[in-house]
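# Fold and contact review
Here are the chains, one letter per residue:
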Amino acid sequence: MYITEQDIRNAVFDTFKGRQSTRPVLDFKADLDDNVHRMYEAFRQGSYRQHLTYYKKTVVNNNKKVRHCDAPLLSALILQHLWLILLVPAYELVNPGVARNCLPQHGITAKRREFSVLKECKRLFYDLRHLQWLVDIDQRECYQHVSVKSYRRGMKFLRDKVLEATKMQKQMFPEEWQERNWWRWMTDFGEEVGFVKGRLPVGTPTSPYIHHIVMLSFDYWLVENFEWRVRYADNVFIAVHSRQEANAALWRVRQFWWYEQGIRAKRQTSRIVHIDEEGVDICGYGLYRFPDKTATDHNKGLTLIRKSTLERARKADNDKSWASYFGMMQHADTFRIMQQIEKDMKLTELTKKIRIDREMDAKNIPMQNVPALQTLTLYKYEIRQSKGEDNWIKCLIGTPELNKETGEPTGRTLAFEFHGNYQGIIRWIRELEKLFPDKEFLPIEDARIVNECGYIFEGSTNQLKYIEEGEE
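Every chain's residues receive numbers from 1 upward, in the order its sequence appears when written. Predicted model: local features are reported for residues with pLDDT of at least 70 only, side-chain atom pairs are reported and counted for 80 or more only, and whole-chain, interface and lining totals are derived from all residues. To get the side-chain values, take all heavy atoms of the structure and skip hydrogens and water.

Turning our attention to the layout of surface pockets. Rolled over the atoms, a probe with the dimensions of a water molecule shows which regions are left empty. Grid points spaced at 1 Å over the protein atoms alone were grouped into cavities, where a 1.4 Å probe fits but cannot get out, and pockets, open sets with protein on both sides within 12 Å along at least five of seven lines, with lining residues defined by an atom within 4 Å of a point. Grid points are joined across faces, edges and corners, and a volume is the space filled by probe spheres set on the points. One number sums up the size of the largest pocket: a volume of about 1,900 Å³. Every residue lining the largest pocket is counted, 50 residues in all, and those nearest its centre are Asn61, Lys65, Arg67, Asp234 and Asn235. A run of H or I in DSSP becomes a helix once it reaches four residues, and a run of E becomes a strand once it reaches two; helices and strands are each numbered from the N terminus. Among the elements of the structure, strand S2 (66-72), strand S3 (133-138), helix H6 (142-145), helix H9 (206-225), strand S5 (235-240), strand S7 (280-282), helix H11 (307-314) and helix H12 (319-329) are those that each provide at least two residues to the lining of the largest pocket. Sort the elements by how many residues they give to the lining of the largest pocket and S2 lands first, with five residues. Ten residues, namely Ala, Val, Leu, Ile, Met, Phe, Trp, Tyr, Cys and Pro, are considered nonpolar, four, namely Asp, Glu, Lys and Arg, are considered charged, and the remaining ones, Gly among them, are considered polar. Among the residues forming the lining of the largest pocket, the class breakdown is 18 nonpolar, 18 polar and 14 charged. As a volume, the second largest pocket reaches approximately 810 Å³. Surrounding the second largest pocket, 28 residues form its lining, Phe13, Lys17, Tyr379, Leu442 and Pro443 being those nearest its centre. In terms of residue count, helix H1 (residues 5-16) provides more of the lining of the second largest pocket than any other element does, six residues in total. Residues that form the lining of the second largest pocket fall into these classes: 13 nonpolar, six polar and nine charged.

Moving on: the side chain of Lys300. Examined against the element boundaries, Lys300 turns out to sit in the loop between strand S8 (285-289) and strand S9 (301-305). Only protein chains enter the accessibility calculation, which uses a 1.4 Å probe; a residue whose area is less than 20% of its type maximum is buried, one above 50% is exposed, and one in between is partly exposed. For Lys300, a relative accessible area of 16% translates into the label buried. Within the local environment of Lys300, its side chain forms a polar contact with the side chain of Asp127, the two groups lying 2.6 Å apart. A polar contact is formed between the side chain of Lys300 and the backbone oxygen of Ala295, at a distance of 2.9 Å. We define a polar contact as two N or O atoms separated by no more than 3.5 Å, with the added condition that, inside protein, one atom must be a possible hydrogen donor and the other a possible acceptor, whereas residues neighbouring each other in sequence contribute only through side-chain atom pairs.

This next bit is on unusual backbone geometry. A cis amide bond, omega -5°, links Leu442 with the succeeding residue Pro443. Note on placement: Pro443 falls in the loop between helix H15 (423-435) and strand S14 (444-447). Its identity as a non-glycine residue notwithstanding, Asp292 has a phi of 60°, on the positive side. The class for Asp292 is exposed, based on a relative accessible area of 79%. Phi is positive for Asn299, close to 55°, though the residue is something other than glycine. With respect to the helices and strands, Asn299 occurs in the loop between S8 and S9.

A helix is expected to span 1.5 Å multiplied by its residue count minus one. With 21 residues, helix H7 (residues 148-168) should cover 30 Å at 1.5 Å per step; its first-to-last C-alpha distance of 30 Å lies within 8% of that length. Throughout, a residue-residue contact means that at least one pair of heavy atoms, one from each residue, lies within 4.5 Å. Against helix H4 (74-94), helix H8 (180-194), H9 and helix H10 (243-261) lie the buried residues of H7.

To continue, consider the packing of aromatic side chains. In summary, the pairing rule links any two rings of Phe, Tyr or Trp, Trp by its six-membered ring, whose centres are within 6.5 Å, and it sorts them by plane angle into stacked for under 30 degrees, edge-to-face for over 60 and tilted for everything else. This model, assessed by the stated rule, comprises 22 aromatic pairs. Summarising the aromatic geometry, the rings of Trp185 and Phe189 are spaced 5.2 Å apart at their centres and angled 25° between planes, so their arrangement reads as stacked. On the criterion of helical spacing, the pair formed by Trp185 and Phe189 is a turn pair, its members being four residues apart in helix H8. By relative accessible area, which is 1% here, Phe189 ends up buried. Seen from their ring centres, Phe436 and Phe441 are 6.3 Å apart, and the 55° between their planes marks the pair as tilted. Linked through ring pairs, Tyr2, Phe43, Tyr48, Trp185 and Phe189 together constitute an aromatic cluster. One Lys or Arg, Arg112, reaches over the ring of Phe115 and ends 4.3 Å from the middle of that ring. Whether a charge sits over a ring depends on NZ of Lys or CZ of Arg being within 6 Å of the ring centre and within 35 degrees of the ring normal.

Here it is, written out as structure tokens:
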């Protein structure tokens, strides 16, 4: 056994994120300890495979593309997150930094340039002017072509890289990483939770990482052979000096994918672009380089948003959609277009559509009303200081919603926040932080706040019950 009951509990909490109010999660949380222990016993007895159940789900994208997905039930999701908990630290240790999708803090518009597709491409178009040709190549139905064989080959490559890294670095690593039996078990476990009848499903948390593992040897090959390269899922972008190098790179990538990984490249969309002469659509953004400029000049290039996306932004008709388009457009040179959209809106419509996201933003509840809540769950908190002393706390709490007529729970959780200088609560949470530095104690469930010489969590203080003789 390479897992503990705590590993399963951590996987359960990872699975709950974003699903707190769903019925399967509420049912699981109703008997959390027993359910966690039951899954742990299933691992010990080898019967955990019976939890790997899926249902058919149809998803339609904005471009009207229909996907028929195998969606996992809650028990299968927990097993998938368990595999990720064990695997992700090993992958992050040897990740060469080429992939930009489905990794923590990575994405098209991530804050750090090293993690962002768009910012890295802006650097290429605006500053790296000695690289004049771009190779844009895409995989054909990448998930369908990811086989169990290619996954197991990728796990061996990952294992060898991790063993090499642990020998070279002096810092401590989990002992299991040195055991080949652990890698065999991890490979088998990943195949069981990551594939459905030999196919890689779309939309599960394990699928992107399995694709990263399959592509890991290719990522290292890109680093060894090209100065500038970025991979976003199955899209690969390579910048080189000349057209001859670009043609060679295109064919070398195609040959590597087919002969090493059994993956085909799209013929229709693969292309070679002269950056100084034409723009390139990269992940929904059109990038253009202005020639005869240097890296220290102003007005070196232009970034626009895809026309179809812009048209949908103009027609956004609900709160969340306009906020999403606003977030996309702020990374492009579309300031005047954004101003025009806001100008064309009435003020009442503008306040309906544009809203800001604030940390732990929920309806405020006066502290004197909190003790009346029968039970609450603390999800997040923030403590602030003045002159080095804790003197303010803000808490995001949830309490079960009750039907006003029957008094029965509706299955939904009401969100509230309270804030103020409540030293009894602050001091108790600070003690918890000493025991759990990574805030693993969150969420705190089935709690109550009472007013006993100040507001405190019920049972969090040592209170006197009797006055002993001789005590003053």
